[in-house]
Amino acid sequence: SSDRGQGLQLRHYDVSYRHITIRSDLPDAMTQPSNSNANVGNRSTKASSYTLRNLIYRKQWDKIETECNCNPSQAKKVDKLGDLPLHEACLQAAPFHVIKNLIIAHPAGVKKKGFCGRLPLHYAAYCKPSLNIIKLLLKNYP
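Everything quoted here is computed from the prediction, not taken from an experiment. Each chain carries its own residue numbering, running from 1 in the written order of its sequence. In keeping with the predicted nature of the model, local features appear solely for residues at pLDDT of at least 70, side-chain atom pairs appear and are counted solely at 80 or more, and the whole-chain, interface and lining totals rest on all residues. Computation of side-chain values: all heavy atoms of the structure, hydrogens and water removed.

Secondary structure elements are taken from DSSP: a helix is a run of H or I of four residues or more, a strand is a run of E of two residues or more, and numbering for both begins at the N terminus. A tally of helices and strands in the protein chain yields seven helices and two strands. Of all 142 residues assigned to the protein chain, the portion counted as buried reaches 37%. Contacts: residue pairs with any heavy atoms within 4.5 Å of one another. A separation of at least 24 residues holds for 58% of the contacts in the protein chain among residues at least 6 apart in sequence. For the accessible areas, the method is Shrake-Rupley and the probe is 1.4 Å, while residue cover comes only from the protein chains on display. For the protein chain, the accessible surface area stands at approximately 8,400 Å², while carbon and sulfur atoms represent 52% of it. Note on exposure labels: buried denotes an accessible area under 20% of the residue type's maximum, exposed denotes more than 50%, and partly exposed covers the range between, all computed with a 1.4 Å probe on protein chains only.

Written out as structure tokens, the structure is:
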């Protein structure tokens, strides 16, 4: 059975030399702003808590700086696997400015261990990042 069209994102991890795929719990219906009259101009609470992570999943890098500035608390939200948006951005091979904005929004996130005890640096190394991203992560957690 295919999950296509149901709005589920897939996350890939290489664990102990074995490739596994983990389904995310973020269907599109939970991540889009509500269109009801009661929420005009505001996002629902559930939707706003996932906006930053969805931008990362969808690789909408140009929108992340604004989201980090408007809602920096989203950078502190841990998913069910224990990962922060910074972990996910490193895993998705995000550009330098995205990693930098996530660190500015939540500096302690660089030191936070996520899935399987991995730091954002571990995720970044897995995706073969630029030397500048490695330097940025190390500078903030030597």
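In this section: the pattern of salt bridges. Any Lys or Arg side-chain nitrogen found within 4 Å of a carboxyl oxygen on Asp or Glu counts as a salt bridge. Summed over the entire model, instances satisfying the criterion amount to one salt bridge. Two residues, D79 and R53, come together in a salt bridge whose shortest N-O distance is 3.7 Å. With D79 in the loop between α3 (61-70) and α4 (85-91) and R53 in helix α2 (residues 45-57), this pair connects stretches of sequence that are 26 residues apart. Taken individually, D79 and R53 each receive the classification buried, so the pair is uniform in this respect.

Mapped onto the fold, N101 is located in helix α5 (residues 96-105). Sequence separation between N101 and E65 is 36 residues, and the spatial gap between their C-alpha atoms is 5.9 Å.

A few words now on the confidence of the model for the protein chain. The pLDDT value expresses, per residue, how confident the predictor is, ranging between 0 and 100. Per-residue confidence for the protein chain gives a mean pLDDT of 76, with 65% of residues at or over 70. When pLDDT is averaged over each element of the protein chain, α5 comes out on top at 96 and strand β2 (residues 18-23) at the bottom at 42.

Right, let's get into the environment of E88. Relative to the helices and strands, E88 resides in helix α4. Look at E88 and you get buried, because its relative accessible area is 0%. Along the sequence, E88 and R53 sit 35 residues apart, while their C-alpha atoms lie 7.7 Å from each other.

The rule for a disulfide is simple: a pair of cysteine sulfur atoms within 2.5 Å. Following the criterion strictly, the structure yields zero disulfides and no others. Summary of cysteine pairing: C70 is not part of a disulfide, and the nearest cysteine sulfur, belonging to C68, is at 9.6 Å. Judged by its relative accessible area of 55%, C70 falls in the exposed class. Between C127, a cysteine without a disulfide, and C90, which holds the nearest cysteine sulfur, the sulfur-to-sulfur distance is 8.2 Å.

It is worth spelling out the packing of α5 against helix α7 (residues 131-140) at this point. Angles shown run from 0 to 180 degrees and are taken between the N-to-C directions of axes, each axis being a line fitted to C-alpha atoms and, for helices, limited to the stretch in contact. In contact at an axis separation of 9 Å, α5 and α7 are set at 15 degrees when each is read in the N-to-C sense. Put simply, α5 runs roughly parallel to α7. Viewed along their axes, α5 and α7 form a crossing whose handedness is right-handed. Contact residues: α5 offers F96, I99, K100 and I103, while α7 offers N132, I133, L136, L137 and N140. With respect to orientation, any angle under 35 degrees is reported as roughly parallel, any angle over 145 as roughly antiparallel, any angle of 65 to 115 as roughly perpendicular, and every other angle as oblique. Left-handed describes a crossing whose near helix is turned anticlockwise from the far helix through less than a right angle; right-handed describes the clockwise counterpart.

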